[in-house]
Amino acid sequence: MEDLKSALRVESVKEFAKSKGFTQLVPTVRVNEHGYPFVTFIDANNKAENVYFSRAAAKAVPAGTVVDKAMLEKYQIGYTTNSEGHERIKLISNSTRLDITELFD
């Protein structure tokens with residue numbers, strides 16, 4: 001059975017931005033000194049939060065990638081807790097899923 005501390009919780013980027021009060025973002029993907037790509041979200045008080053891409057998702061987003069609606073629709077926000085008990089927020093690739101109700105129409 002999966003440890004609840006490491007369970008992944010997921011929400012859309014739109015839901016994440018709304019829940020955190022983000023109103024703007026930096027329009028391109030940037031990378032830190034180690035080469036890890038991230039998007040910077042900014043709230044109404046000009047407080048910024050960098051959200052990094054997961055290892056798998058990072059392969060598709062080099063520095064300078066334009067952050068727009070089409071780009072963000074490919075990702076969702078994943079929350080997980082590491083072994084030290086710290087919550088981590090990552091941009092993760094959308095998983096392919098089917099709506100069960102559409103299968104039985």
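Conventions adopted
Residues numbered from 1 in each chain as written. Predicted model: local features only at pLDDT ≥ 70, side-chain atom pairs only at ≥ 80, totals over all residues. Heavy atoms only, no water. pLDDT = per-residue confidence, 0-100. Contact = heavy atoms within 4.5 Å. Buried < 20%, exposed > 50% of the residue type's maximum accessible area, 1.4 Å probe, protein only. Helix = DSSP H or I, 4+ residues; strand = E, 2+ residues; numbered from the N terminus. Arc of directions from axis to C-beta. Patch = residues over 30% accessible without salt bridge, like charges linked within 9 Å, V, L, I, M, F, W, Y side chains within 5 Å. Areas by Shrake-Rupley, 256 points an atom, 1.4 Å probe, with all protein chains shown as cover. Salt bridge = Lys/Arg side-chain N within 4 Å of Asp/Glu carboxyl O. Core = buried A, V, L, I, M, F, W, Y, C linked by side-chain atoms within 4.5 Å.

1. Section: the confidence of the model for the protein chain
Argument step 1. Overall, the predicted model of the protein chain reaches an average pLDDT of 89, with 90% of residues at or above 70.
Argument step 2. Across residues 1-5 the pLDDT falls below 50, and counting only partners more than four positions away or on other chains, this stretch makes three contacts in the model.

2. So, helix α1 (residues 13-20)
Argument step 1. Restricting attention to buried positions, one finds in α1 the residues Val 13, Phe 16 and Ala 17. Projected onto a plane normal to the axis of α1, the buried residues spread over an arc of 95° and lie on a single side. Structural note: α1 exposes Lys 14, Lys 18 and Ser 19 on the side pointing more than 90 degrees away from its buried face.
Argument step 2. Phi for Gly 21, located one or two positions after α1, is positive at around 75°.

3. Description of unusual backbone geometry
Argument step 1. In this model, Asn 46 sits at a positive phi of 65°, which is unusual for a non-glycine residue.
Argument step 2. On the secondary structure map, Asn 46 appears in the loop between β4 (37-43) and β5 (48-53).

4. Quick notes on a nonpolar patch on the surface
Argument step 1. Taken together, the side chains of Ile 100, Leu 103 and Phe 104 present a nonpolar region at the surface, about 380 Å² in accessible area.
Argument step 2. With respect to the helices and strands, Phe 104 occurs in the segment after α4 (100-103).
Argument step 3. Judged by relative accessible area, which is 67%, Phe 104 ranks as exposed.

5. Focus: the environment of Gln 76
Argument step 1. Position of Gln 76 relative to the elements: it lies in strand β6 (residues 75-81).
Argument step 2. Placed 66 residues apart in sequence, Gln 76 and Val 10 show a C-alpha to C-alpha distance of 6.9 Å.
Argument step 3. Beyond its immediate stretch of four places on either side in the chain, Gln 76 contacts Val 10, Glu 11, Val 13, Lys 90, Leu 91, Ile 92, Ser 93, Asn 94 and Ser 95.

6. Section: the nonpolar core
Argument step 1. Membership of the largest hydrophobic core comes to 19 residues, with the highest contact counts inside it found for Phe 16, Val 39, Phe 53, Met 71, Ile 77 and Leu 91.
Argument step 2. For this core, the secondary structure elements donating two or more residues are α1, β4, β5, α3 (69-72), β6 and β7 (87-93).
Argument step 3. Leave out the neighbours within four places in its chain, and Val 39 touches Leu 25, Val 29, Glu 49, Asn 50, Val 51, Phe 53, Val 67, Met 71 and Leu 91.

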